[in-house]
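# Close look at the chain arrangement
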Amino acid sequence: MALEKAVMNYDFLDQELHDGFSYGKIAVLRPTEDKCNFDIVQMKWGFIPSYIKNREDVNKMRFGYKDARGQWHKPYTALNAKGERAFEFL
């Protein structure tokens, strides 16, 4: 019963397909502290390398940015990474 009530709080659960490149919110089941149940939480889809420490840098990586000199830095996407290259950027 609690699960049905929790699901009503999310407007993205009725989507049949999620586009990973839009970095939209998805439902994630997170175990409760006592490991006897779980909560549904919203998280944004996508890989974040361990050296990125804040949301601003995540957005720069995902969408690109201009630095202080006006030079454009292309976005980096890892959604289509090959297994043999997945750890090159960690």
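The structure reproduced in this document is the subject of the present report. (Residues numbered from 1 in each chain as written. Predicted model: local features only at pLDDT ≥ 70, side-chain atom pairs only at ≥ 80, totals over all residues. Heavy atoms only, no water.)

## Focus: helix 2 (residues 55–63)
Within helix 2 the residues assigned to the buried category are V58, M61 and R62. The buried residues of helix 2 occupy an angular sector of 90 degrees when projected down its axis, which confines them to one face. Those residues of helix 2 that are buried are in contact with strand 2 (38–44). The N-cap of helix 2, judged by a side-chain oxygen 3.2 Å from the amide nitrogen of E56 a few residues on, is N54. Where helix 2 ends, the next residue or the one after it, G64, has phi of about 80 degrees, a positive value. (Buried < 20%, exposed > 50% of the residue type's maximum accessible area, 1.4 Å probe, protein only. Helix = DSSP H or I, 4+ residues; strand = E, 2+ residues; numbered from the N terminus. Arc of directions from axis to C-beta. Contact = heavy atoms within 4.5 Å. Polar contact = N/O pair within 3.5 Å; in protein donor to acceptor, adjacent residues only side chain to side chain.)

## Description of the side chain of D67
Relative to the helices and strands, D67 resides in the loop between strand 3 (65–66) and strand 4 (72–73). Side-chain polar atoms of D67 contact the backbone nitrogen of R69, separated by 3.0 Å. Engagement of the side chain of D67 in a polar contact is seen with the backbone nitrogen of Q71, the distance being 2.9 Å.

Just distances and angles here, no functional claims.
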